[in-house]
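# Structural overview
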Amino acid sequence: KRRNKVLYEVEHGDDNWYVWTNVGGSPNMKLMTSPAKRDSAAEWELVNDSNGTPLFDGSLSKSLDSVTILNTHVVIEGREGGIPRVWVYSKDTKNMKMLSFDEAAYDVGMLAHFEADTKSIAVSYDSLVTPPSSIEISLND
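Now for a look at the structure at hand. Quick caveat, the model's predicted, so the values are computed rather than measured.

## Topic: the environment of Asn 4
Topologically, Asn 4 is positioned in the segment before strand E1 (8-13). Expressed as a C-alpha distance, the spacing of Asn 4 and Val 23, which sit 19 residues apart in the sequence, is 9.9 Å.

Okay, structure coming up:
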């Protein structure tokens, strides 16, 4: 059932729905999960790190734009401090790390991924001093 002013997008992985939504009137999208079954909105729960802290709680501190579900990781694109960011969340350890770069201002984003069983991801990167480039990032770091 559609709800007025509630936005959401959904990806499937590990017999779960990964949902990013503004349900509850949050200013930014939250990252939630639920069992992959029909009408599971009542079971949406925030995805937490190993300390029990929500990865994306919908607050103004960081925004969530897209989610890519891989076999061992979840790759999240968004913004923090006005800068595009890419975060990698390990499903096993429940730890999330933000990809970091030497330059203060840059543009970064995921390139297309068609294989969920992968040990690396590719991102596009450029800045005022670095021309557009593709960088392969290991998921095992």
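## As for the nonpolar core
Formed by 15 residues in total, the largest nonpolar core has its most connected members in Val 75, Leu 99, Phe 101, Tyr 106, Val 108, Ile 121 and Val 123. Those elements that place two or more of their residues in this core are strand E7 (83-90), strand E9 (106-110) and strand E10 (120-127). Excluding residues within four positions of it along the chain, Leu 99 makes contact with Val 86, Val 88, Tyr 106, Val 123 and Ile 137. The next biggest cluster of nonpolar side chains, apart from the first, holds 14 residues, and it includes Tyr 18, Trp 20, Val 47 and Tyr 89.

## Observations regarding the side chain of Asp 49
Inspection of the secondary structure puts Asp 49 in the loop between strand E4 (45-46) and strand E5 (62-69). Despite its burial, Asp 49 pairs with no opposite charge, the nearest such side chain being Lys 62 at 7.8 Å. A distance of 2.9 Å separates the side chain of Asp 49 from the backbone nitrogen of Asn 51, its partner in a polar contact. The residues contacting Asp 49, other than those within four sequence positions of it, are Leu 55, Tyr 89 and Lys 94.

## What about the packing of aromatic side chains?
Applying the stated criterion across every chain, the model contains 5 aromatic pairs. The interplanar angle of 80 degrees and the centroid separation of 5.0 Å between the aromatic rings of Phe 56 and Trp 87 together place this pair among those described as edge-to-face. On the criterion of sequence distance, the pair formed by Phe 56 in the loop between E4 and E5 and Trp 87 in strand E7 is long-range, its members being 31 residues apart. A relative accessible area of 3% means that Trp 87 is categorised as buried. Ring plane angle 35 degrees and centroid distance 5.5 Å describe the contact between Tyr 106 and Tyr 125, whose orientation is recorded as tilted.

Parameters and conventions
Residues numbered from 1 in each chain as written. Predicted model: local features only at pLDDT ≥ 70, side-chain atom pairs only at ≥ 80, totals over all residues. Heavy atoms only, no water. Helix = DSSP H or I, 4+ residues; strand = E, 2+ residues; numbered from the N terminus. Core = buried A, V, L, I, M, F, W, Y, C linked by side-chain atoms within 4.5 Å. Buried < 20%, exposed > 50% of the residue type's maximum accessible area, 1.4 Å probe, protein only. Contact = heavy atoms within 4.5 Å. Lys, Arg positive; Asp, Glu negative; His and termini not counted. Salt bridge = Lys/Arg side-chain N within 4 Å of Asp/Glu carboxyl O. Polar contact = N/O pair within 3.5 Å; in protein donor to acceptor, adjacent residues only side chain to side chain. Phe/Tyr/Trp six-rings, centres within 6.5 Å; stacked < 30°, edge-to-face > 60°.

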